[in-house]
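# Observations on the three-dimensional arrangement
If you want the building blocks of each chain, they are given just below.
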Amino acid sequence: MIYAVFKANLKNPQALGEYREQAGAALAKHGGKVEHATPSAQALDGAPSLPDVAALLSFPSAEAAQSWIDDPELADLHALRRSAGETEILLLT
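### Section: the packing of aromatic side chains
Under the criterion given, the structure shown has one aromatic pair. Here Phe-59 and Trp-68 contribute two aromatic rings whose centre-to-centre distance is 5.5 Å and whose plane-to-plane angle is 45 degrees, an arrangement assigned as tilted. Since its relative accessible area comes to 3%, Trp-68 is described here as buried.

### Some details on the nonpolar core
In terms of nonpolar packing, the biggest core is built from 21 residues, with Phe-6, Leu-16, Tyr-19, Leu-57, Phe-59, Trp-68 and Leu-77 touching the most fellow members. If you list the elements that add at least two residues to this core, you get strand 1 (2-10), helix 1 (13-28), strand 3 (53-59), helix 2 (62-70) and helix 3 (75-83). A per-element tally of this core places helix 1 first, with six residues.

Rules of the game
Residues numbered from 1 in each chain as written. Predicted model: local features only at pLDDT ≥ 70, side-chain atom pairs only at ≥ 80, totals over all residues. Heavy atoms only, no water. Phe/Tyr/Trp six-rings, centres within 6.5 Å; stacked < 30°, edge-to-face > 60°. Buried < 20%, exposed > 50% of the residue type's maximum accessible area, 1.4 Å probe, protein only. Core = buried A, V, L, I, M, F, W, Y, C linked by side-chain atoms within 4.5 Å. Helix = DSSP H or I, 4+ residues; strand = E, 2+ residues; numbered from the N terminus.

So yeah, pure geometry; function would need other evidence.
Structure, rendered in C-alpha cells:
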C-alpha cells in the first residue's frame, strides 16, 4: 500500500463538490480510495500552510497512483478538481 496527500485551497467549492461525487469511482478504477478527508487540518509541528481541505488517499502501488493521474478517461475529472482552486497531490513513496 502507498499513500498520497491531497491538499486544496478553494476558490470554487462547488467544483470540488462536483468532483467528490465522481472521485470515489475514479479512484477505485485504479485501486485507490480516500482513507480520510477533512476541512480542518491542524499543524502538528512547525508552521505549515494549512489547506482548506486535505485528504489521505491510498493506492496499491505508486504505479496505480500514476495510472490514476494519467488516465485519459479521467482528464476532465482532474480538470474539474483543479478548477476548484489551488490543489496539490503528494505521493508518499
